[in-house]
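Structural overview
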Amino acid sequence: MSANAPELVLSGGTVHTPNGPVVADVAVRDGKIIGVGSYPDAARRIDCTGLDVLPGVIDSQVHFREPGLEHKEDLETGSRAAVMGGITAVFEMPNTNPNTDTYDRVNDKLTRARHRMFCDHAFYVGATADNAVELAELERIPGTAGVKIFMGASTGSLLVAEDEQLARVLAHGRRRVAIHAEDEARMNARKDFRVEGDPSSHPVWRDDESALLATKRILRLAREAQRPIHILHITTPAELELIAQHRDIATCEVTPQHLTLAAEEAYPRIGTFAQMNPPIRSGAHRDGLFHWLRQGVPDVLGSDHAPHTLEEKAKPYPASPSGMPGVQTLLPLMLDHVAKGRLTLERLIDMTSAGVQRVFGLVGKGRIATGYDADFTVIDRKGRFTITDDWLESRCGWSPFTGMELEGRVIGTIVRGHTAMWEAQLSNEAVGEPLRFAGAL
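Structural notes, computed from the coordinates. Predicted model, so just to flag it, every value in this text is computed and none were measured.

Turning next to the overall build of the chain. Check the secondary structure of the chain and you find 14 helices and 17 strands. Judged by the C-alpha coordinates and their principal axes, the chain covers about 70 × 45 × 40 Å. The burial tally for the chain puts 62% of its 441 residues in the buried class. On the chain, roughly 16000 Å² of surface is accessible, and the fraction owed to carbon and sulfur atoms is 48%.

Set out below in structure tokens:
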């Protein structure tokens with residue numbers, strides 16, 4: 001074996017490169033891709049014959065609950081769920097306890113995560129009315145995904161609901177700002193629409209207009225501030241139609257659960273397990289999201305993984321908390337949608353790798369190309385499996401998708417050349433490192 005032989009070769013798979021799919025080997029050295037082609041020599045080989053080798057899938061919205069809420073999840077358990085589901089990197093949200101809204105709190109998370117998380121990671125800084133002037137500095141901390149604004153659906157200092165406060169946040173900094181767009185004033189005015197013990201009233205209370213009104217407001221404020229924004233977990237076709245008219249300033253995300261569940265079926269069947277913010281809406285909404293997905297409007301997929309315990313979810317609505325786990329099921333659910341012809345594999349790859357790189361300025365991630373990090377998600381497109389509770393790695397131990405039989409199975413997760421998971425066996429070694437962004441180098 002030559003001195004220049006690769007340390008690792010993934011051999012014989014269908015490799016999804018920027019040039020398109022090709023049956024080839026991918027060679028790795030020092031955690032980087034050194035070429036796509038034929039590599040007969042290697043210190044270690046993984047046979048991928050009959051499998052698809054995708055760029056490492058990135059989930060750009062998760063809530064891993066540490067610090068302060070570790071009874072629901074922590075950085076280790078959340079990242080174990082991520083790599084079990086084929087996810088090589090995550091962006092984690094700031095609504096922990098305490099909130100991630102200062103330099104020290106961001107660095108505390110980075111310290112907690114390093115080589116304890118199984119996947120690569122970045123952490124959002126939460127915007128508050130008090131830290132607005134510091135955000136230009138905070139967003140440049142290495143390992144930060146940027147700034148997150150909660151216009152609604154948050155409590156305490158992370159709620160930034162008024163236009164004047166929002167404009168102040170947008171005025172400080174340059175990186176793209178992530179937005180939870182629900183209108184707090186409208187939702188407060190509609191609280192009487194909640195029906196005790198009936199979670200199907202959740203999307204009646206938090207109606208389409210609550211989302212659309214907030215999206216209209218933040219688009220206007222972003223344009224005035226000349227600040228790029230990224231609107232999370234879109235639930236209404238009307239919002240996607242609107243965002244399509246503002247592509248110079250706005251990108252957006254959809255979630256697998258809003259593309260999979262429909263209110264008419266989900267609330268009667270699983271009750272509060274279907275409760276999240278913004279809500280699961282009707283089948284017509286779901287079909288509308290797919291229409292705009294095929295039109296190319298959503299840029300990325302995020303799971304909005306937000307676990308709560310079974311005991312917490314068992315409380316009668318509306319005392320039950322909103323949120324569901326999803327990082328481990330993001331890719332399996334979407335592969336099943338690909339198998340059913342609802343979107344192409346190419347579109348799915350773009351929304352989970354290259355699209356994330358484009359939107360956020362990720363460095364060295366998002367494609368299978370020489371010089372990029374050796375992050376791969378290996379799948380069997382024809383493999384069938386059923387989601388079971390014992391497969392789930394999240395501390396919460398449940399999923400709204402338990403019992404679903406899916407076509408398309410995740411075989412392996414490789415993070416910078418390290419095999420984090422293969423055939424449902426997790427590595428003993430957590431190798432997660434902070435992500436790098438062009439806006440924070």
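Before going further, it helps to examine helix H2 (residues 103–113). Three or more residues of H2 are buried, namely Val-106, Lys-109, Leu-110 and Ala-113. Projected down its long axis, H2 shows its buried positions confined to an angular sector of 100°, all on one face. Away from its buried face, by an angle of more than 90 degrees, H2 presents the exposed residues Asp-104 and Thr-111. Buried positions along H2 lie against helix H1 (75–84), strand S7 (87–92), strand S8 (120–126) and strand S9 (144–150). Positioned one or two residues after H2, His-115 has a phi angle of 55°, which is positive.

The tally for this structure, following the rule as stated, stands at 35 salt bridges. Linking Asp-108 and Arg-112 is a salt bridge whose minimum nitrogen-to-oxygen distance equals 2.8 Å. Here Asp-108 and its partner Arg-112 are both found in helix H2, four residues apart, which amounts to about one turn of the helix. Using a relative accessible area of 28% as the deciding quantity, one classes Arg-112 as partly exposed. As a salt-bridge pair, Arg-247 and Asp-299 come within 2.9 Å of each other at their nearest N and O atoms. Separated by 52 residues along the polypeptide, Arg-247 in the loop between helix H8 (237–243) and strand S12 (250–254) and Asp-299 in the loop between helix H11 (283–294) and strand S13 (300–301) bring together distant segments of the chain. With relative accessibility at 12%, the residue Asp-299 sits in the buried group.

By the element assignment, Ala-211 lies in helix H7 (residues 208–225). Taking the relative accessible area as the measure of exposure, Ala-211 reaches 1% and is therefore buried. Sequence separation of Ala-211 and Arg-395 is 184 residues, and the distance between their C-alpha atoms is 30 Å. Setting aside anything within four residues of it in sequence, one finds Ala-211 in contact with Ala-181, Thr-235, Thr-236, Glu-239 and Arg-281.

Once that is clear, we can look at unusual backbone geometry. A negative phi angle is the norm for most residues apart from glycine, just as the trans form is the norm for most peptide bonds. Between Glu-66 and the following residue, Pro-67, the backbone shows a cis peptide bond with an omega angle of 10°. Assignment of secondary structure puts Pro-67 in the loop between strand S6 (57–62) and H1. Cis geometry marks the peptide bond from Asn-277 to Pro-278; its omega dihedral reads -10°. Note on placement: Pro-278 falls in the loop between helix H10 (263–270) and H11. Phi is positive for His-233, which is not a glycine, with a value near 30°. Tracing the backbone shows His-233 in the loop between strand S11 (229–231) and H8.

Another aspect to go through is the side chain of Asp-336. For Asp-336, the position within the fold is in helix H13 (residues 330–339). The exposure class assigned to Asp-336 is buried, which follows from its relative accessible area of 5%. Contacts of Asp-336, omitting those with residues within four sequence positions, involve Glu-405, Leu-406 and Glu-407.

Okay, the state of the cysteines next. Tallied over the entire structure, the rule returns zero disulfides. No disulfide involves Cys-119; its nearest neighbouring cysteine sulfur is the one of Cys-396, lying 16 Å away. Using a relative accessible area of 0% as the deciding quantity, one classes Cys-119 as buried.

Let's shift gears to the packing of H13 against helix H14 (residues 345–360). Where H13 meets H14, the axes come as close as 9 Å, and the angle between the chain directions of the two elements is 155°. Here H14 runs roughly antiparallel to H13, going by the angle between their axes. Handedness of the crossing formed by H13 with H14: right-handed. The segment H13 lies against H14, with Leu-330, Leu-331, Met-334, Leu-335 and Val-338 engaging Leu-345, Leu-348 and Thr-352. Split into classes, the residues belonging to the contact of H13 with H14 amount to seven nonpolar, one polar and no charged.

With that settled, the discussion passes to the packing of aromatic side chains. Evaluation of the coordinates by the stated rule reveals five aromatic pairs. Between Phe-385 and Trp-391 the ring centres are 5.1 Å apart and the planes differ by 70°, which places this aromatic pair in the edge-to-face class. Taking the relative accessible area as the measure of exposure, Phe-385 reaches 15% and is therefore buried. In textbook terms, an aromatic cluster arises when at least three aromatic residues are bridged by ring pairs, as seen for Phe-91, Tyr-124, Phe-360 and Phe-437. It is Arg-190 that lies over the ring of Phe-193; its NZ or CZ is 4.0 Å from the centre. The ring of Trp-205 carries the charged tip of Arg-194 above its face, separated from the ring centre by 4.8 Å.

How each quantity is defined
Residues numbered from 1 in each chain as written. Predicted model: local features only at pLDDT ≥ 70, side-chain atom pairs only at ≥ 80, totals over all residues. Heavy atoms only, no water. Helix = DSSP H or I, 4+ residues; strand = E, 2+ residues; numbered from the N terminus. Buried < 20%, exposed > 50% of the residue type's maximum accessible area, 1.4 Å probe, protein only. Areas by Shrake-Rupley, 256 points an atom, 1.4 Å probe, with all protein chains shown as cover. Arc of directions from axis to C-beta. Contact = heavy atoms within 4.5 Å. Salt bridge = Lys/Arg side-chain N within 4 Å of Asp/Glu carboxyl O. Disulfide = S-S within 2.5 Å. Axes fitted to C-alpha atoms, helices over the stretch in contact; angles between N-to-C directions. Parallel < 35°, antiparallel > 145°, perpendicular 65-115°, else oblique. Left-handed = near helix turned anticlockwise from the far one by under 90°. Nonpolar A, V, L, I, M, F, W, Y, C, P; charged D, E, K, R; others polar. Phe/Tyr/Trp six-rings, centres within 6.5 Å; stacked < 30°, edge-to-face > 60°. Lys NZ or Arg CZ within 6 Å of the ring centre and 35° of its normal.

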